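Spelled out from the first residue to the last, the chains are:
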Amino acid sequence: MAIKRHLRGRKSDRGASAVEFALIAPILVLVLGGILDFGFVFSQQIALNNAARDAARAGVVPNLAGAGLSCSAISTRLTTAITNGAVGLNSGSVVVTVTAPTSDPAATCATSTNTPCTKSSATQQLTVVASYVSSPPFPLPYLSPITLTGKGVFQCEYS
């Protein structure tokens, strides 16, 4: 009988864990969503940087015949690298800018068939920039679409 009296006087803790979890769950979901979004955007940023660097390097190095890539071939190399190595990044939405190192009209990227390092000096650089507007997958109110930019700059190795 003494045991029953002791239990009767004690208040029940049933449901306390559920209430505590209900209070913490929204914060936990926001933190996990932020971690997911950060990793997603960071992965896309790394992919853009690597693709721009790879495309710029390919544009300044001559092939075995001694010719370089055209501006459109450099841009295609960048979008191919993004298609093969980026998570959730639409290569059709990437804006690619190839800046030729010289003011020679035959070497500028105004025409996509031009070779950018033609008639350049050894100190001139080819710049490839890739821009992309990323929308994180987890809909957080504080993360709107983010503009990511990858840049590759290399000196021309042929003229």
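The preceding data block contains the structure.
Residues numbered from 1 in each chain as written. Predicted model: local features only at pLDDT ≥ 70, side-chain atom pairs only at ≥ 80, totals over all residues. Heavy atoms only, no water.

Enquirer: Even after reading the chapter, I still don't get the packing of helix α2 (residues 16-60) against helix α3 (residues 71-85), so can you show me in this structure?
Expert: When two helices pack together, their arrangement is given by the angle between their axes and by how far apart the axes lie. Relative orientation of the contacting elements α2 and α3 amounts to 145°, with a least axis distance of 8 Å. Note that α2 runs across α3; the crossing there is right-handed. On the side of α2, the interface is formed by A47, L48, A51, A52, D54, A55, A58 and G59, while α3 contributes I74, R77, L78, A81, I82 and G85. Per-class residue counts for the contact of α2 with α3 are 10 nonpolar, 2 polar and 2 charged. (Axes fitted to C-alpha atoms, helices over the stretch in contact; angles between N-to-C directions. Helix = DSSP H or I, 4+ residues; strand = E, 2+ residues; numbered from the N terminus. Left-handed = near helix turned anticlockwise from the far one by under 90°. Contact = heavy atoms within 4.5 Å. Nonpolar A, V, L, I, M, F, W, Y, C, P; charged D, E, K, R; others polar.)

Enquirer: What am I meant to see in the pattern of salt bridges here?
Expert: Side-chain pairing between opposite charges can occur once the charged atoms of the two side chains come close. Throughout the structure, instances matching the rule amount to 1 salt bridge. Taking the shortest distance from any N to any O, the salt bridge between D54 and R77 comes out at 3.3 Å. Taken together, the positions of D54 in helix α2 and R77 in helix α3 put the pair 23 residues apart, joining distant regions of the chain. Relative accessible area serves as the criterion here: at 29%, D54 is assigned to the partly exposed category. (Salt bridge = Lys/Arg side-chain N within 4 Å of Asp/Glu carboxyl O. Buried < 20%, exposed > 50% of the residue type's maximum accessible area, 1.4 Å probe, protein only.)

Enquirer: Just checking my understanding: could you explain the sheet that holds strand β3 (residues 146-155) for this structure?
Expert: Neighbouring strands of a sheet are bound in pairs by backbone hydrogen bonds; such pairs are parallel or else antiparallel. Spatially, β1-β2-β3 is the arrangement adopted by the 3 strands of the open sheet, whose pairing is antiparallel. The outermost strands of the open sheet, each flanked by one partner alone, are β1 (95-99) and β3. Between one strand axis and the next, the sheet turns by 15° as a mean value, whatever way the strands run. Its contacts with the sheet place α2 against β2 (125-134) and β3, and it is angled at close to 25° to β3. Where α3 meets the sheet, it contacts β1 and β2, and its direction lies at approximately 140° from that of β1. (Pairing = 2+ DSSP bridges.)

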